[in-house]
Amino acid sequence: MLLYLVQHAEAKKEEEDPERGLTDKGYRDIARSAVYAQKLGVRVSAIYHSGKKRAGQTAQVLADYLKPEKGATKTDNLEPLDDPAAWSKRISEMNEDVMLVGHLPCLAKLAGLLLCGDKEKMFVDFRMAGIVCLKRSDDGRWAIEWMILPEMTV
């Protein structure tokens, strides 16, 4: 199984947009990462995102390029302060490749939990609009497969 973790793209300041939708730069960055992922042949059955506007917009751009069979769907337990244990359990019961679009510190804690069993260990330096690919081996262990940052795709 491949699991793709994506921190939402750059969002507007709350004073400018109380719902904090993506900035123009945010849209450009996630589109660059999505195009690169598409060229790599990334295929996911679904993209799940938090209920925050910036995560939903990020997920939609990714879905436009990657065309997941089940589309982009709002879900729970991907908000900034959510406990990653819920997604760790859910992922353990999955076999299809999926993408999660969320926030820090939740995504970093989920990566730590999967990679070493400790949500307080921050192994991945997430970046806005970046994509981190984790791979689960046959024995259930997770490893970092690769990471894309928007600035790498230029």
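Below, the structure is looked at part by part. Note that the structure is predicted; figures quoted are calculated from it, not measured. (Residues numbered from 1 in each chain as written. Predicted model: local features only at pLDDT ≥ 70, side-chain atom pairs only at ≥ 80, totals over all residues. Heavy atoms only, no water.)

## A few points about the environment of Val-124
Piece 1. Following the sequence through the fold, Val-124 ends up in the loop between helix 4 (106-116) and strand 5 (131-136).
Piece 2. Take Val-124: its relative accessible area is 11%, and that puts it in the buried class.
Piece 3. Taking the C-alpha atoms as reference points, Val-124 and Met-94, separated by 30 residues in sequence, lie 22 Å from one another.
Piece 4. Setting aside residues up to four positions removed in sequence, Val-124 forms contacts with Ala-111, Leu-115, Val-132 and Ile-144. (Helix = DSSP H or I, 4+ residues; strand = E, 2+ residues; numbered from the N terminus. Buried < 20%, exposed > 50% of the residue type's maximum accessible area, 1.4 Å probe, protein only. Contact = heavy atoms within 4.5 Å.)

## Structural notes on the packing of helix 3 (residues 85-92) against helix 4
How two helices sit against one another is set out by the angle between their axes and by the gap between those axes.
Piece 1. At their nearest, the axes of helix 3 and helix 4 sit 9 Å apart, and the two run at 50° to each other. In this view, helix 3 runs oblique relative to helix 4, as classed from their interaxial angle. In this structure, helix 3 crosses over helix 4, and the sense of that crossing is right-handed. Residues Ala-85, Trp-87, Ser-88 and Ile-91 of helix 3 lie in contact with helix 4, whose contacting residues are Leu-110, Leu-113 and Leu-114.
Piece 2. The residue inventory of the contact of helix 3 with helix 4, partitioned by class, reads six nonpolar, one polar and no charged. (Axes fitted to C-alpha atoms, helices over the stretch in contact; angles between N-to-C directions. Parallel < 35°, antiparallel > 145°, perpendicular 65-115°, else oblique. Left-handed = near helix turned anticlockwise from the far one by under 90°. Nonpolar A, V, L, I, M, F, W, Y, C, P; charged D, E, K, R; others polar.)

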